[in-house]
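# Inside the fold
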Amino acid sequence: MSDQIAAKLKEMGITLPQAAAPAANYVPYVISGGLLYISGQLPMEGGKVAVTGHLGKNVDVAAGQRAAELCAINILAQASAALGGDLGRIKRVIKLNGFVASAPEFVEQHLVINGASNLIANVLGDAGKHARAAVGMAALPFNAAVEIDAILEIA
Amino acid sequence: MSDQIAAKLKEMGITLPQAAAPAANYVPYVISGGLLYISGQLPMEGGKVAVTGHLGKNVDVAAGQRAAELCAINILAQASAALGGDLGRIKRVIKLNGFVASAPEFVEQHLVINGASNLIANVLGDAGKHARAAVGMAALPFNAAVEIDAILEIA
Amino acid sequence: MSDQIAAKLKEMGITLPQAAAPAANYVPYVISGGLLYISGQLPMEGGKVAVTGHLGKNVDVAAGQRAAELCAINILAQASAALGGDLGRIKRVIKLNGFVASAPEFVEQHLVINGASNLIANVLGDAGKHARAAVGMAALPFNAAVEIDAILEIA
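Here we summarise the structure given alongside this text.

### Description of the interface of chain C and chain B
By convention, interface size is frequently given as the accessible area that disappears when the constituent parts associate. Opposite the 24 residues of chain C that make contact, chain B presents 26 residues. Elements supplying a minimum of two residues to the side of chain C that touches chain B: strand 1 (29-32), strand 2 (35-41) and strand 7 (146-154) of chain C. It is strand 2 of chain C that contributes the most residues to the side of chain C that touches chain B, 4 residues altogether. Taken together, the residues of the side of chain C that touches chain B sort by class into 15 nonpolar, 7 polar and 2 charged.

Dropping the structure here:
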């Protein structure tokens, strides 16, 4: 990891977890043609899903943003595993797809996913400015409140 | 913009709006390796979300199709901003992901997203023929009825 | 198709169907820059959607997995059509996006999409190991229980 990114993570009090192992016949990431595709990440913390439920029902926006931050931290952990620990090889985060478990009345998915967008931009600077979609889901695996996948351009 | 595309837009009575500014720490589009990734676009018209609610509840298929058309117009506006105003640089629309806010009983998401597919194909001709997914969401940001993102191949 | 893949399909009792024709102004796949983007595939069998409804309501996990397998078979059928019948040209399945029609209480979308992940990995071996997202939808076109799209790297 570049010293600058490592310092930023430390300053933000973030320790990247061990990248989660695949749970089935798929893999946490694939590299193809200079792009790194990262599987949908859940808000894992300490080996379990830390924020469960639906926004607009039993999860408020602040908790949803925390879930999105945890998804982003797990995306960075997968990127680190994919890049031999060197997050400085990230040229650009191209796209985040943010999936928010939502009651039908909840319409602030964009605010929830800002938790991930802000963290990624804070850690990576200009390389972290990404396109994204933020949408509301009926439900997510393991009752996670948020799931986020990513496409990154790498060196 | 190529004269042909400009003429087509005029013939269809479409004026591209100002591309919407990013609402947070993300950007409306990213260019990487000859591809243009456009963030999820809402059915904005005159600076506000023009079609709100859920298909199968308080939005009918015709209104949903109009929402999808507006999303497509905003995709073209973002592409124009990304390409210095020259939509002739679009070699191919590769993929549209169409997200339709849906009551659980509504199962015609494909008809709704046809509003966008038809508009894009009509404006861009063969370059506008895209792969796509059309799926039903629990809810969308700002209570939008439809959100669509896109990947384009550019020159 | 490579002899090995053909033998594997035969061993698994899978006959690839005719690739489904586009239902509107979009196409079932687009090839760009060595990547094959395949439109969202439904669990079609014998020309109709074979598994309908919502997981957690009127579709159990086993039926959902069967739906995911059918989506995967239709993805392979589209890939075969795109690649002149030669699935040996698939260098890597990069990403599957698995959309599962879900009641809000259903949180095992990952188990459902394993139906597709296992089939693709079994047929294609290491080339079939993909990144993925598995998420729960309010509803899907034609009341399909599952929809899956794909990005493949091709030779």
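### Quick notes on the relation of the copies chain C and chain B
Between the two copies of this chain, the relationship is a rotation about some axis together with a displacement along it. Aligned on chain B, chain C shows an RMSD of 0.0 Å; the corresponding rotation is 120° and the shift along the axis is 0.0 Å. What we have between these two chains is a three-fold relation. A share of only 8% of the interface residues of chain C reappears at the interface of chain B, consistent with the copies meeting through non-equivalent patches.

### As for the relation of the copies chain A and chain C
Expressed as a screw transformation, the operator carrying chain A onto chain C has a rotation angle of 120° and an axial translation of 0.0 Å, and the superposed copies differ by an RMSD of 0.0 Å. When the interface residues of chain A are mapped onto chain C, a mere 8% of them are again interface residues, pointing to distinct binding faces.

### Quick notes on the sheet that holds strand 7 (residues 146-154) of chain B
Residues and elements named next belong to chain B. The strand order across the open sheet built from 5 strands is 1-2-7-5-6, with neighbouring strands paired in mixed fashion. The sheet is open, and its two borders are formed by strand 1 (29-32) and strand 6 (131-137), each paired with just one other strand. Adjacent strand axes in the sheet meet at a mean angle of 15°, parallel and antiparallel pairs treated alike. By the bridge criterion, 7 bridges tie strand 5 (residues 90-101) to strand 6 in an arrangement that is parallel. Note that in strand 6 the partner of N97 across the bridge is A133. In the packing of helix 2 (residues 61-82) onto the sheet, the strands contacted are strand 1, strand 2 (35-41), strand 5 and strand 7, and the crossing angle to strand 7 comes to about 35°. Running over the sheet, helix 3 (residues 109-124) touches strand 5, strand 6 and strand 7 and is turned about 160° from strand 5.

Cut-offs and rules
- Residues numbered from 1 in each chain as written.
- Chains lettered and ligands numbered in written order.
- Predicted model: local features only at pLDDT ≥ 70, side-chain atom pairs only at ≥ 80, totals over all residues.
- Contact = placed C-beta atoms within 7 Å.
- Helix = DSSP H or I, 4+ residues; strand = E, 2+ residues; numbered from the N terminus.
- Nonpolar A, V, L, I, M, F, W, Y, C, P; charged D, E, K, R; others polar.
- Least-squares fit on C-alpha atoms with pLDDT ≥ 70 in both.
- Pairing = 2+ DSSP bridges.
- Axes fitted to C-alpha atoms, helices over the stretch in contact; angles between N-to-C directions.

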